[in-house]
Amino acid sequence: MIKLNVQDETSRLRAVVLGTATSSGPIPKIEDAYDPKSIENIKAGTYPSEEDMYIEMEAFNKVFEKYNVKVYRPSIIENYNQIFSRDIAFVVEDKLIISNILPDREKEVEAIKYVIDQVDASNVITTTDDVHFEGGDVMLWNNYIFIGTYKGHDYADIITARTNMKGVNFIKDLFPNKIVKEFDLVKSNTNAKINALHLDCCFQPVGKNKAIIHKEGFKNEEDYQFLVNLFGVENLFHITADEMYQMFSNVFSISPEVVVSEQNFTRLNNWLREQGFIVEEIPYAEIGKQEGLLRCSTMPLVRD
Ligand SMILES: NC(=O)NCCC[C@H](N)C(=O)O
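This section reports on the structure supplied with the text. Only a predicted model underlies this, so the values are computations on that prediction, with no experimental measurement involved.

### Some details on the sheet that holds strand β1 (residues 13-18)
Reading across the sheet, the three strands line up as β2-β1-β15 and stay open at both edges, with mixed pairing between neighbours. Edge positions in the sheet fall to β2 (70-72) and β15 (298-303), since each has one partner strand and no second. For this sheet the average axis-to-axis angle between neighbouring strands, irrespective of direction, equals 20°. Across three bridges, the pairing between β1 and β2 is parallel. Counterpart to valine 17 in the pairing with β2 is tyrosine 72.

### What about helix α2 (residues 50-66)?
With 17 residues, α2 should reach 24 Å at 1.5 Å per residue; the first-to-last C-alpha distance of 24 Å fits that figure. Within α2, the full set of buried residues consists of Met53, Glu56, Met57, Phe60 and Phe64. The buried residues of α2 occupy an angular sector of 95° when the element is viewed end-on, so they sit on one face. Set apart from the buried face of α2 by more than 90 degrees, the exposed residues are Glu51, Glu58, Lys62, Glu65 and Lys66. Elements that come into contact with the buried residues of α2 comprise β1, β2, β13 (258-262), β14 (278-282) and α8 (285-288).

### Observations regarding the environment of isoleucine 30
For isoleucine 30, the position within the fold is in the loop between β1 and α1 (36-44). Classification of isoleucine 30 by C-beta neighbours within 10 Å gives exposed; the count is 11. Isoleucine 30 sits 122 residues away from glycine 152 along the chain, and the two C-alpha atoms are 24 Å apart. Ignoring anything within four residues of it in the chain, the contact list for isoleucine 30 reads Ile39, Ile42 and Lys43.

### Comments concerning the site of the ligand
The immediate surroundings of the ligand are formed by 15 residues, with Asp35, Gly136, His198, Gly292 and Cys296 found nearest. Considered class by class, the residues forming the shell around the ligand number five nonpolar, five polar and five charged.

### A few points about the pairing of strand β9 (residues 203-206)
On β9, burial covers both faces: Phe203 and Pro205 on one face and Gln204 and Val206 on the other are all buried. Examined bridge by bridge, β9 and strand β10 (residues 210-213) share four bridges and lie antiparallel to one another. Of the residues in β10, the one forming a bridge with proline 205 is alanine 211. Where β9 hands over to β10, the hairpin turn is made up of three residues, of which glycine 207 adopts a positive phi near 65°.

### Some points on the pairing of β14
One ladder, built from five bridges, connects β13 with β14; its direction is parallel. Of the residues in β14, the one forming a bridge with valine 260 is glutamate 280.

### Remarks on unusual backbone geometry
Positive phi, close to 55°, is recorded for glutamate 93, a residue that is not glycine. As for its placement among the helices and strands, glutamate 93 is situated in the loop between β3 (89-92) and β4 (95-98). Take glutamate 93: there are 15 C-beta atoms within 10 Å of it, and that puts it in the partly exposed class. Within the chain, glutamate 291 stands out as a residue other than glycine whose phi angle is a positive 65°.

Calculation criteria
- Sequence order as written defines residue numbering, which begins from 1 separately in each chain.
- For this predicted model, a pLDDT threshold of at least 70 governs which residues receive local features, and a threshold of 80 or more governs which side-chain atom pairs are given and counted, while totals over whole chains, interfaces and linings are taken from all residues.
- Strand pairing is assigned whenever DSSP detects at least two bridges linking the two strands.
- Helix numbers and strand numbers start at the N terminus; a helix is a DSSP run of H or I with at least 4 residues, a strand a run of E with at least 2.
- Here, axes are lines fitted to C-alpha atoms. For helices the fit covers the stretch in contact, and angles between N-to-C directions go from 0 to 180 degrees.
- For a helix, the expected span equals 1.5 Å multiplied by the number of residues minus one.
- Remark: C-beta atoms are placed from the backbone, and a residue is labelled buried if 20 or more other C-beta atoms sit within 10 Å of its own, exposed if 12 or fewer do, or partly exposed between those counts.
- Starting at the helix axis, one direction is taken to each C-beta atom, and the arc is that of these directions.
- Residues are scored as being in contact if the C-beta atoms we place from backbone atoms lie within 7 Å.
- In this text, near has one meaning. A residue is near a molecule or strand if its C-beta atom, placed using the backbone, is within 6 Å of it.
- Residue classes follow a fixed rule: Ala, Val, Leu, Ile, Met, Phe, Trp, Tyr, Cys and Pro count as nonpolar, while Asp, Glu, Lys and Arg count as charged, and any other residue, Gly among them, counts as polar.

In structure tokens form, the structure reads like this:
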């Protein structure tokens with residue numbers, strides 16, 4: 001049995017699901033892609049190859065090995081993209097909540113069934129189809145659960161909107177002891193530089209009191225101000241639209257001291273080191289072409 005425990009974003013990681021690039025399938029047709037950065041790369045002929053993505057994910061896996069983290073991989077579904085494990089389910093305290101994910105990605109859940117089966121069934125939470133959330137939008141931070149959402153009336157037409165207010169309220173009801181704070185995010189189906197696909201695409205805490213943030217990813221200035229007040233402006237690393245596009249906020253914490261980051265994120269990696277972090281740099285830019293990066297590729301099960 002796996003004894004789930006996740007209380008925040010950065011405590012020492014002990015067990016994690018890491019997605020897989022194996023048999024991720026051919027280059028999708030534009031009409032089958034579900035984020036603007038993938039579409040851009042399909043059009044430009046620069047969509048990443050399975051081989052390149054495999055190499056990047058193995059580099060990530062090596063870092064987990066180095067830190068003795070138990071890694072679970074999804075079972076392989078032939079020709080199906082299973083890279084971004086973060087979104088398909090997520091752990092809050094001792095509960096594993098199965099996402100109602102974008103229908104195009106639904107089969108990804110089957111591939112981690114063998115992991116779900118190792119969790120006490122009373123701690124596995126599912127919900128009805130109208131309640132939407134994806135793990136990239138959900139973040140635990142001490143007494144808070146932060147949730148990215150999209151409140152526009154055109155929600156159903158926005159393929160980059162993955163968490164609705166029914167999803168936010170479901171989590172609120174499930175964890176009455178937590179303060180659930182939702183953030184209305186800026187979305188674009190067509191321009192990745194103005195698309196905060198999930199909360200972790202424009203914001204993420206690191207260490208014990210710092211965070212990476214893209215102000216313009218938040219539709220309401222008050223939401224951004226809320227985070228400035230909570231973390232303190234001196235503890236925030238602000239990223240530009242281009243840096244959001246490169247996915248600077250989607251690094252991944254192995255502990256409050258150790259952050260896995262992309263090797264080309266020079267400005268961020270220097271800041272992290274100045275703050276005293278150990279930065280484990282790996283290549284991940286090919287996977288980044290699908291509008292997800294390191295946090296998106298993981299689903300933590302146990303943190304100390
Ligand atoms: N948490 C994340 O931001 N996950 C990235 C998912 C990328 C994938 N192309 C998607 O659109 O679902």
